[in-house]
Protein chains: 6
Amino acid sequence: MIFPILFTFFLLLSSSNAAVQDFCVADLAAPEGPAGFSCKKPASVKVNDFVFSGLGIAGNTSNIIKAAVTPAFAAQFPGVNGLGISIARLDLAVGGVVPFHTHPGASEVLFVAQGTICAGFVASDNTPYLQTLEKGDIMVFPQGLLHFQVNGGEAPALAFAGFGSASPGLQILDFALFKNDLATELIAQTTFLDAAQIKKLKGVLGGTN
Amino acid sequence: MIFPILFTFFLLLSSSNAAVQDFCVADLAAPEGPAGFSCKKPASVKVNDFVFSGLGIAGNTSNIIKAAVTPAFAAQFPGVNGLGISIARLDLAVGGVVPFHTHPGASEVLFVAQGTICAGFVASDNTPYLQTLEKGDIMVFPQGLLHFQVNGGEAPALAFAGFGSASPGLQILDFALFKNDLATELIAQTTFLDAAQIKKLKGVLGGTN
Amino acid sequence: MIFPILFTFFLLLSSSNAAVQDFCVADLAAPEGPAGFSCKKPASVKVNDFVFSGLGIAGNTSNIIKAAVTPAFAAQFPGVNGLGISIARLDLAVGGVVPFHTHPGASEVLFVAQGTICAGFVASDNTPYLQTLEKGDIMVFPQGLLHFQVNGGEAPALAFAGFGSASPGLQILDFALFKNDLATELIAQTTFLDAAQIKKLKGVLGGTN
Amino acid sequence: MIFPILFTFFLLLSSSNAAVQDFCVADLAAPEGPAGFSCKKPASVKVNDFVFSGLGIAGNTSNIIKAAVTPAFAAQFPGVNGLGISIARLDLAVGGVVPFHTHPGASEVLFVAQGTICAGFVASDNTPYLQTLEKGDIMVFPQGLLHFQVNGGEAPALAFAGFGSASPGLQILDFALFKNDLATELIAQTTFLDAAQIKKLKGVLGGTN
Amino acid sequence: MIFPILFTFFLLLSSSNAAVQDFCVADLAAPEGPAGFSCKKPASVKVNDFVFSGLGIAGNTSNIIKAAVTPAFAAQFPGVNGLGISIARLDLAVGGVVPFHTHPGASEVLFVAQGTICAGFVASDNTPYLQTLEKGDIMVFPQGLLHFQVNGGEAPALAFAGFGSASPGLQILDFALFKNDLATELIAQTTFLDAAQIKKLKGVLGGTN
Amino acid sequence: MIFPILFTFFLLLSSSNAAVQDFCVADLAAPEGPAGFSCKKPASVKVNDFVFSGLGIAGNTSNIIKAAVTPAFAAQFPGVNGLGISIARLDLAVGGVVPFHTHPGASEVLFVAQGTICAGFVASDNTPYLQTLEKGDIMVFPQGLLHFQVNGGEAPALAFAGFGSASPGLQILDFALFKNDLATELIAQTTFLDAAQIKKLKGVLGGTN
């Protein structure tokens, strides 16, 4: 027994809220603030808070765009709360499309795990940056810029997107314009689209007015 | 009916707390944290939370400095909470002065909407940067530096100040020194001002000791 | 001569780069980094670096949208570089429209200086937040969300927008989609718009393919 | 030709450095600053700057730990510079191990693409959080905490790690202690390890003293 | 009585939550978020919240490492919450050692107040940076990197460490590896240490398995 | 020779700019940006960059305020550049005073190493927070708020101040007002001080006009 007193070393530190400063697992029922969700009490944090299995399941692509996005953001994966990172799974059936969208809160790195994906973003000066990505390729989409992904091959494609925020947000262009009660005339005025076009897409997406 | 299944696309995302990550309207009654006020529940957010009409009303300049500042910070305008921006209205009657002050939490851009304003700030190396601003001019005051605004014309002046924080703070030099119970001797010791000068300004501003 | 030695007090500090830490006026010719432009040498900084007069001049609204935006971002107004704030002027003739757009890098507070402006943004859950703003009203548009401004009155409208970044960016939806060489088929695939509609707007905006 | 003047709309904006504010592709030859590498000139930015194919190639696991890490950080993938995100590929042959290490600059989300990985981290209060991850599982490792990954199956494993920084850093415990010229006695004093153990690992890893 | 109306100047501001935006004294009983603890109500803030006397008392070095660390982080010193700074006291008896450790959340500046301290850190490229510090010397340890301090003299040493976070965290290497129930075999696999060495240190530090 | 191949493990990482991401030692001759100075080339970084001995030397208090401040900010101590922390030494002879000042860029924690110091700050709501600090006490001064330190005892006092920025800045109230060429009338207008008082202090401090 050579080091008998070492057990009591740093006791003050050990009894402080050390675990709290390492992470802040989201307590989804507590108040949320600008920096994210409130933290779960340290005593109730479990390893399961840091693990998420939802991305192992293929999303349902039996829909018109033949695509599905499965997020693991702080609201679904409480362990990333406050840590500035999250991830999502993207399934694209043959012919599948993730239409133009933005993430207001973070940049994205897309990793193609299977298949071929044509992806692109448009910069503020309206320059498009397009690339056909094969399995193993990655592409970065800077924060807030419009971008899209399209299955460019003859087989299903699978990709994973990493984000530099636990809550990167997602605004899908067509949904923002056509899947609500914005007046057709107002949309026409602010997009230069024809009223007939707008009404057609409202019909498809369930918008009114 | 060509796109029947699209309505269910991204259902997982739609049912998540998408709105929460876009903004964090202040719930002034809930706990506040270092990053700002807690967020209102998404379901209770209204467009009025993002609109503020208080800056349309001229401030009352019937006071000794012939000036008024009307803030639209997070505490008055909950919609800016967590968004890193706020604004204030500045009315300067003829002869009006906003005396030396600092904003500890943000830089400021002043826009002159009406009249002429002589403004200036002093850098850490004691260099003053002074300018007479006409209608339409803007001037930036770096975070935390002493600055002032004076009506430099023969008519009332109106300006608006944008800040890079939802709660930029405001410390008015004379109020900090003379509008409290700091002992005259202590102020003299830490400002080199004469006791008589200090007592005179304490009298004006309501300070004691 | 009572305080002869005070002149030398804090000499070490006075001779350090005090001015540098207060601000970082953009040297537009030097390398730029993720946090903004390089700083001008302190010795060459003048008060004019902190003042900008371009917003006093009405933008030219003799165009199809009857609107003009005049920015005072870091690239135009070097004094705001690194200070997390900037401003822009918005002129809307009768019938003028600033079509749907986003600012990838900052939230915006719009102040209506003259006239009536109908403004709105759409949240990630597709809820629109619309308001008719009168002179003196302000409205906040959270970072990265689609928003627009329309002159809602019978007279020209004037507004100023404050941003929580020196380089907030600006992506105009129609320009991003139609004012470049993105293939019509690709746009159709990623927006669900009809090819005829796309080609029509490409024609208007100068896009090809 | 119905909208002839629209071409000139926002010309001021179009001619500004719009592209610059969207992203900051690393110029690896220019000065680096605390926020990252200097930006390439906008005119020389190509789509290839935003795409990286190195992660499609399996790392060489013919080494003693039967593992390989292939990073796509800003130094390898200039497009992520300044965007707060990066990614790495992790190959683990049967019996492969990524020994205890930390990322000083970012949290990590690990996604298992193939095989079984036993992963874990230790919190500041010394609590270990361990989990056996199957294909499709993700796990988050909070910034700066010691963690490891071990192939827990009978087949090669493949994983991808997303980071909330373009330069998350990597400090491998054994390399930091044993792969340099730190004196054995000093290591013994600051780790409580026996000198024989230290010398043995120095021998393996190429350290001296 | 020359300035009678000045008392009412800035009343709107005075009645706002001015004090709240200046600081956010931790309410240790309220919910914590990613940015820190919730703030105490302004009305209950006292000067004692900003003052801490615990660092005036020598830590108990009657332990095996002959050293003691006394933190004044947000959990012990609520006044620093949200302010991005904290401090700790370090006592090193003759022969005392603070073994290899990291602070996941902040860089550290160590100031030697008394005695001689041999300190060092190891960079990500495994380069050690070592220095013998005399009274009055300071040394900086970059965020997240392994570092240590050893009393290098014949008398007790005293130092103070400043941190760039109110909750910098502290992970002590030996405690993370040996003072818990991590399986010996797993530690061996992820550190290359011999099982006998691991069991020996588990015995010393109270670990199991 | 049991682990022959391990030497080549992580070669890709070892040859990357690992050291660069750990720290960014200031190259004072290279361009500066909003986030700090450019980094020295990794190959030229030495341990001396991380060590500073200037704080071991007492400042010269043979001046009118009987005080001296010796900073170790990024400009004096290049190793802290980009790391969000710095430190300064404060010497106060008997009767010594550090007059009212602010740090625009960081909060401060003051540690009293010797003697007695009366310190205080004033909050935005004009509430003063004052305390007599004995040896070993610490006090925090929130960012941007006016504060002071006075030797409150019969012996010299010594203190060290930690800051949450590598370049916290320092604006000394009297110097900003009186140690430059600001017109006496303008100062009177913006501070309410009497012209005679202003001229007296200009005389002491070397100001003109």
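Looking at an unreviewed UniProt entry, chain A carries the name Germin-like protein, with the source organism given as Prunus dulcis. What UniProt states about chain A under its Sequence similarities (unreviewed entry) heading is, verbatim, "Belongs to the germin family." The Function (unreviewed entry) field of the UniProt record for chain A holds the comment "Probable receptor for the plant growth-promoting hormone auxin."

Asker: Any chance you could break down the overall build of chain A for me, citing the residues and the numbers?
Answerer: Along its length, chain A carries five helices and 13 strands. Taken over the C-alpha atoms alone, chain A extends approximately 85 × 40 × 35 Å along its principal axes. Sorting the 209 residues of chain A into buried and exposed places 65% on the buried side. Taking contacts inside chain A between residues at least 6 apart in sequence as the whole, the part at least 24 apart equals 66%. Looking at chain A as shown, the accessible area adds up to about 6600 Å², and 58% of this sits on carbon and sulfur atoms.

Asker: So what's going on with the UniProt feature "binding site: oxalate" (unreviewed entry) in chain A? Residues and values would help.
Answerer: Here the UniProt feature "binding site: oxalate" (unreviewed entry) sits at H103 and E108 of chain A. When its relative accessible area of 6% is taken as the criterion, H103 of chain A is described as buried. Aside from chain neighbours lying at most four places away, what touches H103 of chain A is E108, Q143, G144, H147, F163, P168, G169 and L170 of chain A. Within the local environment of H103 of chain A, its side chain forms a polar contact with the side chain of H147 of chain A, the two groups lying 3.5 Å apart. For E108 of chain A, the position within the fold is in strand 7 (residues 108–114). Filtering out sequence-adjacent residues up to four positions away, E108 of chain A remains in contact with H101, H103, M139, V140, F141, H147, Q149, A161, G162 and F163 of chain A together with I85 of chain D.

Asker: Provide a residue-level description of helix 4 (residues 184–191) of chain F, including the pertinent values.
Answerer: An α-helical turn contains 3.6 residues, so any two residues separated by three or four positions project in the same direction. Residue and element names in this part refer to chain F. Among all positions of helix 4, only T184, L186, I187, T190 and T191 are buried. Relative to the axis of helix 4, the buried residues are bounded by an arc of 160° and lie together on one face. F192, located one to two residues past helix 4, shows a positive phi value of around 70°.

Asker: Go over the packing of helix 4 (residues 184–191) of chain E against helix 5 (residues 195–205) of chain E with me, naming the residues and quoting the values.
Answerer: All names here are of chain E. Close contact between helix 4 and helix 5 brings their axes to 9 Å; oriented N to C, the two are set at 120°. By the angle between their directions, the pair helix 4 and helix 5 is classed as oblique. Handedness of the helix 4/helix 5 crossing: right-handed. Of helix 5, the residues touching helix 4 (which contributes T184, I187, A188 and T191) are A195, I198, K199 and K202. Here the contact of helix 4 with helix 5 is composed, by residue class, of four nonpolar, two polar and two charged.

Asker: Pulling in residues and values, what's your account of the relation of the copies chain D and chain A?
Answerer: Once chain D has been moved 0.0 Å along the axis and rotated by 180°, it coincides with chain A to within an RMSD of 0.0 Å. Taken together, the rotation and translation relating the two chain copies correspond to the operation of a two-fold axis. If distances are taken from each C-alpha of chain D to the rotation axis, the shortest is found for G164 of chain D, at 2.4 Å. Counting the interface residues of chain D, we find that 100% of their copies in chain A are interface residues as well, pointing to one common contact surface.

Asker: With reference to specific residues and values, describe the domain arrangement of chain A.
Answerer: Domain assignment breaks chain A into domain 1 (59–169) and domain 2 (174–205). Placing a centre on the C-alpha atoms of domain 1 of chain A and another on those of domain 2 of chain A gives a separation of 25 Å.

Asker: Report on the packing of aromatic side chains, specifying residues and quantitative values.
Answerer: Scanning the model with the defined rule gives 66 aromatic pairs over all chains in all. Ring centres 5.2 Å apart and planes at 75° place the aromatic pair Y129 of chain A and F50 of chain D in the edge-to-face group. Of the two residues, Y129 of chain A is situated in strand 9 (residues 128–133) and F50 of chain D in the loop between strand 2 (36–37) and strand 3 (51–52); the pairing between them involves two chains. In terms of burial, Y129 of chain A and F50 of chain D fall into one category: buried. Seen in terms of ring centroids, F23 of chain D and F50 of chain D are 4.9 Å apart; in terms of plane orientation they differ by 70°. Their pairing is edge-to-face. One end of the pair, F23 of chain D, is in the loop between helix 2 (18–22) and strand 1 (32–33); the other, F50 of chain D, is in the loop between strand 2 and strand 3, with 27 residues separating them in the sequence. Chaining the aromatic ring pairs together yields one cluster made of F23 and F50 of chain A together with F121, Y129 and F141 of chain D.

Reading the values: the criteria
- Residues numbered from 1 in each chain as written.
- Chains lettered and ligands numbered in written order.
- Predicted model: local features only at pLDDT ≥ 70, side-chain atom pairs only at ≥ 80, totals over all residues.
- Heavy atoms only, no water.
- UniProt positions renumbered as here; feature names shortened; annotations may be inferred.
- Helix = DSSP H or I, 4+ residues; strand = E, 2+ residues; numbered from the N terminus.
- Buried < 20%, exposed > 50% of the residue type's maximum accessible area, 1.4 Å probe, protein only.
- Contact = heavy atoms within 4.5 Å.
- Areas by Shrake-Rupley, 256 points an atom, 1.4 Å probe, with all protein chains shown as cover.
- Polar contact = N/O pair within 3.5 Å; in protein donor to acceptor, adjacent residues only side chain to side chain.
- Arc of directions from axis to C-beta.
- Axes fitted to C-alpha atoms, helices over the stretch in contact; angles between N-to-C directions.
- Parallel < 35°, antiparallel > 145°, perpendicular 65-115°, else oblique.
- Left-handed = near helix turned anticlockwise from the far one by under 90°.
- Nonpolar A, V, L, I, M, F, W, Y, C, P; charged D, E, K, R; others polar.
- Least-squares fit on C-alpha atoms with pLDDT ≥ 70 in both.
- Domains from an automatic or database assignment.
- Phe/Tyr/Trp six-rings, centres within 6.5 Å; stacked < 30°, edge-to-face > 60°.

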